[in-house]
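If you want the building blocks of each chain, they are given just below.
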Amino acid sequence: MPQNLKLLLFLVLLSANLPAQYFLNGSAVQTNDSCFQLTSEVEFDVGSIWFPEKVDLRNSFDLVMDMFFGCADVNGADGIVFGLQPISASVGQAGEGLGIGGVRPALGVEFDTYQNTNRNDPVFDHVAIMANGAVTHSGPDNLAGPVVASTSSNNIENCQFLPLRVTWDANALTLRVYFNCDLRLEYTGDIVNEIFGGDPFVFYGFAAATGGLFNRHEVCFRFNSFLKQLDDVTMCPGGQVLLDVTGGERYEWTPTEGLDDPTAASVTAAPDTTTLYTVRIFDECDIPLLDTVRIAVEGDSAFVKLGPDTTICPTDFLTFDVTTPTAIYEWANPGLSGPVVSVSERGTYEVTVTRQDIICEASDRIFIDNIPVPEFDLGPPDTSLCLGELLPLTAVFEVGEGFLDDGTPFDTVYISQPGRYRAYVEHPCGTLFDQVDVAFESCRAVFLPTAFSPNGDGINDRFFPQDGGDVLAIYRFAVYNRWGNLVYEAFDLSPNDAASGWDGQVNGRAAPPGAYVWTLDADYRDGSRTVDQGTVTLLR
Ligand SMILES: [Ca+2]
Ligand SMILES: [Ca+2]
Ligand SMILES: [Ca+2]
């Protein structure tokens, strides 16, 4: 029985361009699927965006963004802050506050493009890690930095998008800030307890501000490890899954077994066994981001079994039960539906079963033939035979075995007695019977009167054999007197022929009344030739 497993292509697609509805505060607006403008080129704009779900700082994260700090250098201000804080509506002070000023508790990574000497800002565009909404680079809330933001320029207000990557190693309690592909700052500390009072759940996002001077500030998300791009899936053997990730410049999938192209953003995975795949998504700095997906291969792709081709009796039903958890069933045969069906007719049956809980679709097919039911005929219709004849009854059939009414097996029997003969044929699909009524009769019926009166009155004047058809031929018919003398003899005559019978004359004279003996040599319908004798009385 061919077992067809149809392969399912299952798409696991989640956009890396965060479609989430960020909390937008102040001047922040969303400009496309993944980009937000935090401030416009106006004085004292301030805005913030926060990822809509709090993240758990007990887990590591990895974020990649592109940052735009505007096009005005000397006359531009003030900068953008990457922040962690617990209030979705938080927006801090404008101007030198960078949109985070005064927000506490908070942790901020400030990209400050305007030197406020009262805040101990260095002359160059700088990055620093600050706690609790502080913007002054002194005291305990200045956790790291400030250092020049870009290793290649003192200015980042260059009208270009520049890559930022922020990683949190929850095991090492280390926050790392990469800008323009360089590691710029690193801070190790118990952020949860020292800043957030033991609560690990915070919003992450960005704030930006302008003051008397301004720039347009934008951020575009490229990769967010909080949004796992790949959902674990379960499929049955023989299935395949399309794994699709985005956000990188190039990709490396491991292990490579079961993958059609381990360097593509979209790969078709058809592992033989349960496999945990890791994809390294390299950003524009060629730093890998990790994502994983577990493809569990479970179950039996041959779970749909209709069984081997078979034959059944025309009146029998064959029941199929392909009940499968969470499945939907599609029969190729009109009128059939559901997991349990019963069929009787000859033909090919096919069902496709698709599980809903895992990636799995399978089908099976069966051919059912009907066992031929034999024709059974004992042969003759009801019949009458001559006594002494034998009637052959033959049970003719292709399959099965014949029995007489008394249970005797037979192929052919010879019937010699009258009666009703019934025979059975037992075959794989049942019992057939036929019957015939057989009668016997004499086939040698010939009538010779016991007396005749040859007196010329036209009544019973001649003595001759008479029959109803049993006499086929008369070779000799003769009459003798009581002394044994022949008084009449005829050859090759026909029955019922008065003219050829004895007229009671002997040598032209009337024979005397009295008893005479006759003899008849004849063929009969039953095939016999016999010579019979009897007496007849001549009356005058
Ligand atoms: Ca500043
Ligand atoms: Ca600063
Ligand atoms: Ca600058």
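Scope of this entry: the structure provided in the associated data block.

What counts, and where the lines are drawn
- Residues numbered from 1 in each chain as written.
- Chains lettered and ligands numbered in written order.
- Predicted model: local features only at pLDDT ≥ 70, side-chain atom pairs only at ≥ 80, totals over all residues.
- Heavy atoms only, no water.
- Phe/Tyr/Trp six-rings, centres within 6.5 Å; stacked < 30°, edge-to-face > 60°.
- Helix = DSSP H or I, 4+ residues; strand = E, 2+ residues; numbered from the N terminus.
- Buried < 20%, exposed > 50% of the residue type's maximum accessible area, 1.4 Å probe, protein only.
- Lys NZ or Arg CZ within 6 Å of the ring centre and 35° of its normal.
- Disulfide = S-S within 2.5 Å.
- Salt bridge = Lys/Arg side-chain N within 4 Å of Asp/Glu carboxyl O.

1. Focus: the packing of aromatic side chains
Piece 1. Throughout the structure, instances matching the rule amount to 21 aromatic pairs.
Piece 2. On the numbers, 5.8 Å between centres and 45° between planes, the contact of F69 with F111 is tilted. One end of the pair, F69, is in the loop between strand 8 (61–68) and strand 9 (79–85); the other, F111, is in strand 10 (residues 107–112), and 42 residues separate them in sequence. Just as F69 is buried, F111 falls in that class too.
Piece 3. One aromatic cluster is present, formed by Y22, F36, F51, F82, Y204, F206 and F221 through successive ring pairs.
Piece 4. Taking NZ or CZ as reference, R444 lies 5.0 Å from the ring centre of Y524, over its face.

2. Thoughts on the state of the cysteines
Piece 1. A complete count under the given rule lists 6 disulfides for this structure.
Piece 2. At a sulfur-sulfur separation of 1.7 Å, the disulfide partner of C236 is C360. An S-S torsion of about 100° defines the bridge between C236 and C360 as right-handed. With a gap of 124 residues between them, C236 in the loop between strand 18 (233–235) and strand 19 (240–244) and C360 in strand 29 (residues 360–370) connect regions that are remote in the sequence. Residue C236 shares its accessibility class with C360, and that shared class is buried.

3. Comments concerning the pattern of salt bridges
Piece 1. The full count for this structure, using the stated rule, is 20 salt bridges.
Piece 2. Linking R222 and E284 is a salt bridge whose minimum nitrogen-to-oxygen distance equals 3.1 Å. Here R222, found in strand 17 (residues 217–224), pairs with E284, found in the loop between strand 22 (275–282) and strand 23 (288–297); they are 62 residues apart in sequence, far enough to count as distant.
Piece 3. A relative accessible area of 36% places E284 in the partly exposed class.
Piece 4. The closest approach of N and O atoms between R420 and D437, which form a salt bridge, is 2.7 Å. On the criterion of sequence distance, the pair formed by R420 in strand 34 (residues 419–427) and D437 in strand 35 (residues 430–441) is long-range, its members being 17 residues apart.
Piece 5. Given a relative accessible area of 52%, R420 falls into the exposed group.
Piece 6. Residue D437 is classed as partly exposed on the basis of its relative accessible area of 24%.
Piece 7. A single salt-bridge network, built from bridges that share partners, covers D66, R222, E249 and E284.

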